[in-house]
Amino acid sequence: MSASPPRGSKRPASRHSSVHLFPGQGDFSVGALTRAARTARAAPTARSARSDRLNPALREVFEQVDEVAVERGLRPLGPWLLGQQPPTGRELAQAGTGSSQLALFGASMAAHRALSAFVGAPTAVVGVSFGEIAALTAAGVLTIADGARAAHDLAVVLSSCPGGLTLLGCSEQSARRLLDRTGAPDAVVAVVNDDRSVVIAGPVPALARIEKVAGDTNVAAVRLRLPFSSHHPALAAQSEAFASSVRAYALSPARVPVYSAVAGRRYRPDDDLPRRLADCLVRPAVVPTALRQAAAHRPDVFFEAGTGDALASSARRVLSTSPAPPVHAPLAEPDFPW
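First, a word on what this report is: a plain description of the structure on this page. (Residues numbered from 1 in each chain as written. Predicted model: local features only at pLDDT ≥ 70, side-chain atom pairs only at ≥ 80, totals over all residues. Heavy atoms only, no water.)

### Description of the pattern of salt bridges
Phase 1 of the analysis: Counted under the stated rule, the structure contains 17 salt bridges.
Phase 2 of the analysis: Between R149 and E71 there is a salt bridge; the shortest N-O distance is 2.9 Å. Linking R149 in helix α7 (residues 144-158) with E71 in helix α2 (residues 51-71), this pair joins segments that are 78 residues apart in sequence.
Phase 3 of the analysis: Owing to a relative accessible area of 44%, E71 belongs among the partly exposed residues under this scheme. (Salt bridge = Lys/Arg side-chain N within 4 Å of Asp/Glu carboxyl O. Helix = DSSP H or I, 4+ residues; strand = E, 2+ residues; numbered from the N terminus. Buried < 20%, exposed > 50% of the residue type's maximum accessible area, 1.4 Å probe, protein only.)

### A word on the pairing of strand β1 (residues 18-22)
Phase 1 of the analysis: Of all five residues making up β1, five are buried, and the element is well covered by its neighbours.
Phase 2 of the analysis: The alternating pattern of β1 places S18, H20 and F22 on one face and V19 and L21 on the opposite face, and all of these are buried.

### Side note on the pairing of strand β2 (residues 124-127)
Phase 1 of the analysis: With burial as the criterion, each face of β2 is covered, one bearing A124 and V126 and the other bearing V125 and G127.
Phase 2 of the analysis: In this sheet, β2 lies alongside β1 in parallel orientation, the contact comprising four bridges. From the neighbouring strand, H20 faces β2, where its bridge partner is V125.
Phase 3 of the analysis: When β2 meets strand β7 (residues 258-260), the two strands line up parallel, connected through three bridges. Its bridge partner lying in β7, V125 is registered against V258. (Pairing = 2+ DSSP bridges.)

### Comments concerning the packing of aromatic side chains
Phase 1 of the analysis: Under the definition given, this model contains zero aromatic pairs.
Phase 2 of the analysis: In this arrangement the basic side chain of R75 is found over the ring face of W80, its NZ or CZ atom lying 4.0 Å from the centre. (Phe/Tyr/Trp six-rings, centres within 6.5 Å; stacked < 30°, edge-to-face > 60°. Lys NZ or Arg CZ within 6 Å of the ring centre and 35° of its normal.)

### Focus: the nonpolar core
Phase 1 of the analysis: Grouped together as the largest cluster of nonpolar side chains are 93 residues, with contacts concentrated most on F105, I133 and F242.
Phase 2 of the analysis: If we ignore the near neighbours within four places in the chain, the residues touching I133 are F105, L142, G147, A150, A151, L154, F242 and L277.
Phase 3 of the analysis: The next biggest cluster of nonpolar side chains, apart from the first, holds 16 residues, and it includes A184, I200, L207 and A214. (Core = buried A, V, L, I, M, F, W, Y, C linked by side-chain atoms within 4.5 Å. Contact = heavy atoms within 4.5 Å.)

### Comments concerning the sheet that holds strand β6 (residues 221-223)
Phase 1 of the analysis: Taken together, five strands build an open sheet; the order of strands is β6-β3-β5-β4-β9 and the sheet is mixed. Looking at which strands have only one partner, the edges of the open sheet turn out to be β6 and β9 (285-286).
Phase 2 of the analysis: Where strand β3 (residues 164-168) meets β6, three bridges bridge the pair, whose relative direction is antiparallel. Bridged to L167 within β6 is V222.
Phase 3 of the analysis: Contacting β3, β4 (188-194) and β5 (197-202), helix α8 (residues 172-182) runs over the sheet at an angle of about 155° to β4.
Phase 4 of the analysis: Together, β4 and β9 form the strand contacts of helix α12 (residues 287-295), whose direction differs from that of β4 by roughly 35°. (Axes fitted to C-alpha atoms, helices over the stretch in contact; angles between N-to-C directions.)

That's the geometry; what it means functionally is another story.
As structure tokens, this is what we get:
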């Protein structure tokens, strides 16, 4: 079976078991979200049937997210993002600390709700980096309001995390050799997406040297548009601060299995979840491990609950060595067959 059917193909109605994938901040696209919102406002047609499910989900989620935005002194995001003149990514980033994180959280939760209305609740969820907050919320561990508060708490902490993040188009082993060749001991492998893509974290001067050496050796290197570092052992103090903030929120038992790319496993009932969430600041995320573990549930389909398709692309690569279900990134697919 192919990893993904041709776009526009009709998904068999008998399939209903799914896994939802919640990405981190590196692939968040305001444009994709606003395009989906415009489609949701359009009159239903064969190509905009998503309006039946996505539009109510966007309204419901952002109503709750915006209560937290106002509580935290931020501009309400729903009317802005879903209005006639939505912001650019730059404008959103400049709107106030936490605006981008709340927008991503809201977009992920709306996608999750719309997909659940489409094919039923997921069999399991996978959280990658910042996406763990949305994954735990989707599993019922956090309410949407407290998930939004945790997202804002993380944004505040991240604003004190110096350095940056660079995407490298190579394997983890190649990335480590590149770091050794550059002589940048304060840079680390932060995220392993798949065998062709990793993210490194470290001080900006170190990243600049690594990017130059990468270019000299024909390795693609792209600085992520995120003004902070993450998944770095030097951020222990920030990690503790974030764990303390999450302890203020009530946590319920997960309704479905939650797989963490940072923990490298399914969360257990006895896990200290505030501590595990805070690990995202200091420990690497290894996406293939979480994807393979979630695939053991034998879902009929994987959905990326975000605005991009990088996590879906990694899932196709990681799961391509054996018969695998299709993988979709609905908000990034204009012709997704809702």
